[in-house]
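# Coordinates in review
What follows is each chain in one-letter form.
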Amino acid sequence: MRITKFGHACVRVEHDGTAVVLDPGVFTDVAALDGADAVLITHEHPDHYLPDHLLATEAPVFTIEAVAALIRADAPAVAERLTVVAPGDRFDVGLPVRAVGELHAVIHPEYPRITNSGYVLTLGGQKVYHPGDALTEPGEDVDVLLVPVSAPWMRASEAIEFARAVKAPRNLAIHDRVYSDAGLGIVDTHMNAFLPKDGLEYVRRADGEDL
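No experiment lies behind these values; they were computed from the predicted model shown.

Our focus in this paragraph is the overall build of the protein chain. The number of helices and strands found in the protein chain is four helices and 13 strands. Relative to the globule expectation of 17 Å for 211 residues, the C-alpha radius of gyration of the protein chain, 16 Å, shows essentially globular dimensions. Seen through its C-alpha atoms, the protein chain measures out along the principal axes to roughly 50 × 45 × 30 Å. Across the 211 residues of the protein chain, 51% fall into the buried class. Carbon and sulfur atoms form 51% of the exposed surface of the protein chain, whose accessible area is close to 9100 Å². Within the protein chain, one finds 17 positive and 32 negative side-chain charges whose respective centroids are separated by 6 Å.

Take the pairing of strand 2 (residues 11–15) next. In this structure, strand 1 (residues 2–5) lies alongside strand 2, joined through four bridges in antiparallel fashion. Along strand 2, the bridge assignment pairs K5 with V11. Connecting strand 1 to the antiparallel partner strand 2 that follows it, the hairpin turn spans five residues, and H8 within it adopts a positive phi of roughly 65°. In this structure, strand 2 lies alongside strand 3 (residues 18–22), joined through five bridges in antiparallel fashion. Bridged to R12 within strand 3 is V21. The loop that links strand 2 with its antiparallel partner strand 3 comprises two residues; one of these, D16, has a positive phi angle of about 50°.

Next up on the list: the environment of N116. With respect to the helices, strands and loops of the structure, N116 is situated in the loop between strand 8 (96–100) and strand 9 (118–123). Classification of N116 as buried rests on a relative accessible area of 2%. Remark: the alpha-carbon pair of N116 and A66, spanning 50 residues in sequence, is separated by 8.9 Å. Separated by 3.1 Å, the side chains of N116 and H43 make a polar contact. Within polar-contact distance, the side chain of N116 engages the backbone oxygen of P131 at 3.0 Å.

What follows covers the packing of aromatic side chains. One pass over the structure, following the stated rule, counts two aromatic pairs. Residues F62 and F91 carry aromatic rings whose centres are separated by 5.4 Å and whose planes lie at 15° to one another, so their mutual orientation is stacked. Taken together, the residues F62 in strand 5 (residues 61–63) and F91 in strand 7 (residues 90–92) connect sequence positions 29 residues apart. A single burial state applies to F62 and to F91, both of which are buried. Judged by centre distance (6.2 Å) and plane angle (90°), the rings of F91 and Y119 are edge-to-face.

This brings us to the pattern of salt bridges. Going through the model one piece at a time under the given rule, you end up with 13 salt bridges. Close ionic contact of K5 with D176 constitutes a salt bridge, the shortest N to O distance being 3.4 Å. Of this pair, K5 sits in strand 1 while D176 is found in the loop between strand 12 (170–174) and helix 4 (181–194), placing the two residues 171 residues apart along the sequence. Using a relative accessible area of 0% as the deciding quantity, one classes K5 as buried. A salt bridge links R12 to E14; the shortest N-O distance between them is 3.3 Å. When its relative accessible area of 10% is taken as the criterion, R12 is described as buried. With relative accessibility at 24%, the residue E14 sits in the partly exposed group.

About the cut-offs
Residues numbered from 1 in each chain as written. Predicted model: local features only at pLDDT ≥ 70, side-chain atom pairs only at ≥ 80, totals over all residues. Heavy atoms only, no water. Helix = DSSP H or I, 4+ residues; strand = E, 2+ residues; numbered from the N terminus. Rg over C-alpha atoms; globule rule 2.2 N^0.38 Å. Buried < 20%, exposed > 50% of the residue type's maximum accessible area, 1.4 Å probe, protein only. Areas by Shrake-Rupley, 256 points an atom, 1.4 Å probe, with all protein chains shown as cover. Lys, Arg positive; Asp, Glu negative; His and termini not counted. Charge placed at Lys NZ, Arg CZ, Asp CG, Glu CD. Pairing = 2+ DSSP bridges. Polar contact = N/O pair within 3.5 Å; in protein donor to acceptor, adjacent residues only side chain to side chain. Phe/Tyr/Trp six-rings, centres within 6.5 Å; stacked < 30°, edge-to-face > 60°. Salt bridge = Lys/Arg side-chain N within 4 Å of Asp/Glu carboxyl O.

Have a look at this one:
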């Protein structure tokens, strides 16, 4: 198993000859998609979804209906390799995947909530969970949580409690372009003040680095 952190919320997961890229958005270099066998998109925000990136790969794309509708309008050439998934669906992208959750986290009570699907990927005997922009628990034990650490919709305490609730032995920081390096250093300090006490590892990696 190989997990590589790319820009912001984008992670590339490789196992047994299959490479899956999750959420290649505006902060992600298109090179993250080189040789990808599948792309998963959690929701429609541009830091997670960029049509030009999907046009730059021939990989099949798996996502929810709200994003699929945008793809049909923004990049119709991608529509023929598009698969729409719904909460609870189990599907195969070369690796088994289960869709988790339905709604984006609350940004402000007066904003309508958009849809969001996280994904649990099974890599042999290991499970990796990408929640997108939500703090929805996966409903099963996972080995690696890709944990959002900065967003207009969250506090550091929420990231800590989410990781504690999921109880993944390893936690890799994602969604990290919202804060400066100084701000992320503060978040790292908070995460490491609590998670190791529960036996949970927390790490943040630079773009292009592996877990």
